[in-house]
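Each chain is listed here by its residues.
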Amino acid sequence: EGDVFTFDPGFTSTAACESDITYIDGDKGELLYRGYPIDQLAENSHHLEVCFLLLYGELPTAAQMADFEARVTKHTMVHEQMHYFFRGFRRDSHPMATMVGVVGAMSAFYHDSTDVNDPWQREVAAIRLIAKLPTIAAMAFKYSVGQPFQYPRNNLDYASNFLHMCFAVPCEEYVVNPILSKALDRIMMLHADHEQNASTSTVRLAGSSGANPFACIAAGIACLWGPAHGGANQACLEMLREIGTVDRIPEYIARAKDKNSGFRLMGFGHRVYKNFDPRAKVMKESADEVLGLLGIENNPTLQVAKELERIALEDEFFVSRKLYPNVDFYSGIILDAMGFPTSMFTPIFALSRTVGWIAQWKEMIADPTQKIGRPRQLYIGAPRRDYQDVRHR
Ligand code: SDX
């Protein structure tokens, strides 16, 4: 019989942690931020209020919200020298590559002032990251299109500021479309946190060694980039565009069902949800609302997405495997309608998820019992053996 491997019962790992931030019920398709259902927050709240909730555990009073918003606004500019980091990248670099590099470089500017054991310095790092990620993402976009960086505006709300930094140019007035800023703010809320997903687990594991929070968030951005995770929103829209028309959907459904094709429907399936991703439901309603308000409700990509969803949800292969649309299935359609290139979809996911990453990092660091993460393995390699001289091999 095979060897029996037993793990030390005292074995611990950050992969299994206690947290009171976000709750997911994959079978029911339920997502709660500090107990509040995601659809209620998407309907009634806004991203910075959700940031407060995720960081501090309760919805803010009006005074607390005003103070929090003022603190974030004050930190939206980046150190002027950080502009030089962008110059080192090729213009056609993917904005996620730039973000990994520049956010990691924040360690060089703020690391010396960040004692992770000091609660106040953890708080300042959290505010700096929530405030500066949109600025850095917008700078990555501007750099990629060869336009000058736009400074943040303190008179704009969080989502409007990001739209302004991305789409304003010095030669003319840019007026933020309230339809777009409301829809973008909703997308940010829907992406804010999601329990122990791959990138959050990466941030926790990096943070468990005592690494500074800027380096940990850079590690989370790197992990999020993958097409199986946050990179799926870009891959999904590119897939929908490649399908092009509803008559070509069966061809792609067949490929997705063929194990040897290596093709998967982007924006479909989830490690935890075996029912509808509640965020996908809100995102689908938002896509209808935004494209309708913009007068492009007949957008062919939206039509393909809806028909693809309908066909897949009637197909035994997907139904038996409980594969439903996830958060990435409709988000790209909305971001595309706003004028973002697909390469900016995952950076927007990253800046939205920054609050979740940093809230989970703070929770872990504040736990006096937390230890360095050290997942173990099941060794299936060669048994012990002696070295052989090359003449006898
Ligand atoms: C995110 O963890 C999180 O919370 C992540 C996230 C967050 O907010 O942080 O929710 C964000 O990452 C959402 C997921 C985005 N990724 C995609 O949309 C990429 C496409 N989806 C997949 O690659 C896949 O569904 C995963 C990666 C999301 C999950 O992969 P798993 O764990 O392998 O899926 P599974 O175990 O549930 O798969 C069961 C079966 C397998 O087939 P069988 O071996 O049983 O025959 O379903 C198949 C899979 O091959 N399958 C798919 C499929 N997803 C799973 N087949 C076709 N198309 C798909 N999309």
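In this text, all values refer to a predicted model and were calculated from it rather than measured experimentally.

With respect to the packing of helix H2 (residues 47-56) against helix H6 (residues 119-145)
When two helices pack together, their arrangement is given by the angle between their axes and by how far apart the axes lie.
For step 1, the next point in the chain: Relative to each other, H2 and H6 sit at 155°, their axes nearing to 13 Å. Comparing their axes, H6 and H2 come out roughly antiparallel. The element H2 and its partner H6 pack so that their crossing is right-handed. Counting all contacts with H2, which are made through Leu48, Cys51, Leu55 and Tyr56, the residues of H6 involved are Glu123, Ala126, Ile127 and Ile130.
For step 2, the next point in the chain: Across the contact of H2 with H6, the residue classes break down as seven nonpolar, no polar and one charged.

What about the nonpolar core?
For step 1, the next point in the chain: Formed by 113 residues in total, the largest nonpolar core has its most connected members in Phe162, Leu265 and Phe340.
For step 2, the next point in the chain: The greatest single-element share of this core, amounting to 14 residues, is contributed by H6.
For step 3, the next point in the chain: Those residues in contact with Leu265, other than ones at most four positions away along the chain, are Met239, Tyr252, Ile253, Ala256, Leu308, Ala312 and Phe318.

A word on the site of the ligand
For step 1, the next point in the chain: The environment of the ligand is made up of 25 residues, and the closest members are His194, Lys259, His270, Arg271 and Arg279.
For step 2, the next point in the chain: Within the side chain of His229, a nitrogen or oxygen atom sits 2.9 Å from an oxygen atom of the ligand.
For step 3, the next point in the chain: Measuring from an oxygen atom of the ligand, one finds a backbone N or O atom of Gly267 at 2.8 Å.
For step 4, the next point in the chain: Within the complex, the protein chains bury 81% of what would otherwise be the 1,100 Å² of accessible surface of the ligand.

Observations concerning the packing of aromatic side chains
For step 1, the next point in the chain: Applying the stated criterion to the full structure yields 17 aromatic pairs.
For step 2, the next point in the chain: Judged by centre distance (5.6 Å) and plane angle (45°), the ring pair of Tyr110 and Phe214 falls under tilted. Highlighted residues: Tyr110 in helix H5 (residues 95-110) and Phe214 in helix H10 (residues 213-224), separated in sequence by 104 residues. Here Tyr110 and Phe214 have matching classes, each one buried.
For step 3, the next point in the chain: One aromatic cluster is present, formed by Phe268, Phe317, Phe318, Phe329 and Tyr330 through successive ring pairs.
For step 4, the next point in the chain: Sitting over the face of the ring of Phe263, Arg255 holds its NZ or CZ atom 4.4 Å from the ring centroid.

Thoughts on helix H13 (residues 278-293)
For step 1, the next point in the chain: A rise of 1.5 Å per residue sets the reference length of H13, with its 16 residues, at 22 Å; its end C-alpha atoms lie 23 Å apart and thus fit the reference within 8%.
For step 2, the next point in the chain: When H13 is considered as a whole, its buried residues turn out to be Pro278, Arg279, Ala280, Val282, Met283, Ser286, Ala287, Val290 and Leu291.
For step 3, the next point in the chain: Buried residues in H13 make contact with strand S2 (30-33), helix H1 (38-44), helix H8 (178-190), helix H14 (300-312), helix H16 (328-338) and helix H17 (345-365).
For step 4, the next point in the chain: Positive phi shows up at Gly295, right after H13, with a value of about 75°.

A look at H16
For step 1, the next point in the chain: In terms of residue burial, H16 counts as a mostly covered element, since nine of its eleven residues are buried.
For step 2, the next point in the chain: Of all the residues in H16, the buried ones are Asp328, Phe329, Tyr330, Ser331, Gly332, Ile333, Ile334, Leu335 and Met338.
For step 3, the next point in the chain: Tucked inside the fold, the buried residues of H16 contact helix H7 (158-167), H8, helix H11 (232-243), H13, H14 and H17.
For step 4, the next point in the chain: One or two residues past the end of H16 sits Gly339, with phi positive at roughly 105°.

Description of the pattern of salt bridges
For step 1, the next point in the chain: Here the structure, examined in full by the defined rule, presents 18 salt bridges.
For step 2, the next point in the chain: Between Arg34 and Asp20 there is a salt bridge, and its shortest N-O distance comes to 2.9 Å. Of this pair, Arg34 sits in the loop between S2 and strand S3 (36-37) while Asp20 sits in the segment before strand S1 (22-25); the two residues are 14 residues apart in sequence, bridging distant segments of the chain.
For step 3, the next point in the chain: A salt bridge links Glu363 to Arg204; the shortest N-O distance between them is 2.5 Å. In this pair, Glu363 is assigned in helix H17 and Arg204 in helix H9 (residues 198-207), connecting sequence segments 159 residues apart. With respect to class, Glu363 is no different from Arg204; both count as buried.

Procedures and definitions
Residues numbered from 1 in each chain as written. Predicted model: local features only at pLDDT ≥ 70, side-chain atom pairs only at ≥ 80, totals over all residues. Heavy atoms only, no water. Axes fitted to C-alpha atoms, helices over the stretch in contact; angles between N-to-C directions. Helix = DSSP H or I, 4+ residues; strand = E, 2+ residues; numbered from the N terminus. Parallel < 35°, antiparallel > 145°, perpendicular 65-115°, else oblique. Left-handed = near helix turned anticlockwise from the far one by under 90°. Contact = heavy atoms within 4.5 Å. Nonpolar A, V, L, I, M, F, W, Y, C, P; charged D, E, K, R; others polar. Core = buried A, V, L, I, M, F, W, Y, C linked by side-chain atoms within 4.5 Å. Buried < 20%, exposed > 50% of the residue type's maximum accessible area, 1.4 Å probe, protein only. Near = heavy atom within 4 Å. Polar contact = N/O pair within 3.5 Å; in protein donor to acceptor, adjacent residues only side chain to side chain. Areas by Shrake-Rupley, 256 points an atom, 1.4 Å probe, with all protein chains shown as cover. Phe/Tyr/Trp six-rings, centres within 6.5 Å; stacked < 30°, edge-to-face > 60°. Lys NZ or Arg CZ within 6 Å of the ring centre and 35° of its normal. Expected span 1.5 Å × (residues − 1). Salt bridge = Lys/Arg side-chain N within 4 Å of Asp/Glu carboxyl O.

In short, the description is geometric, and any link to function would need to be established separately.
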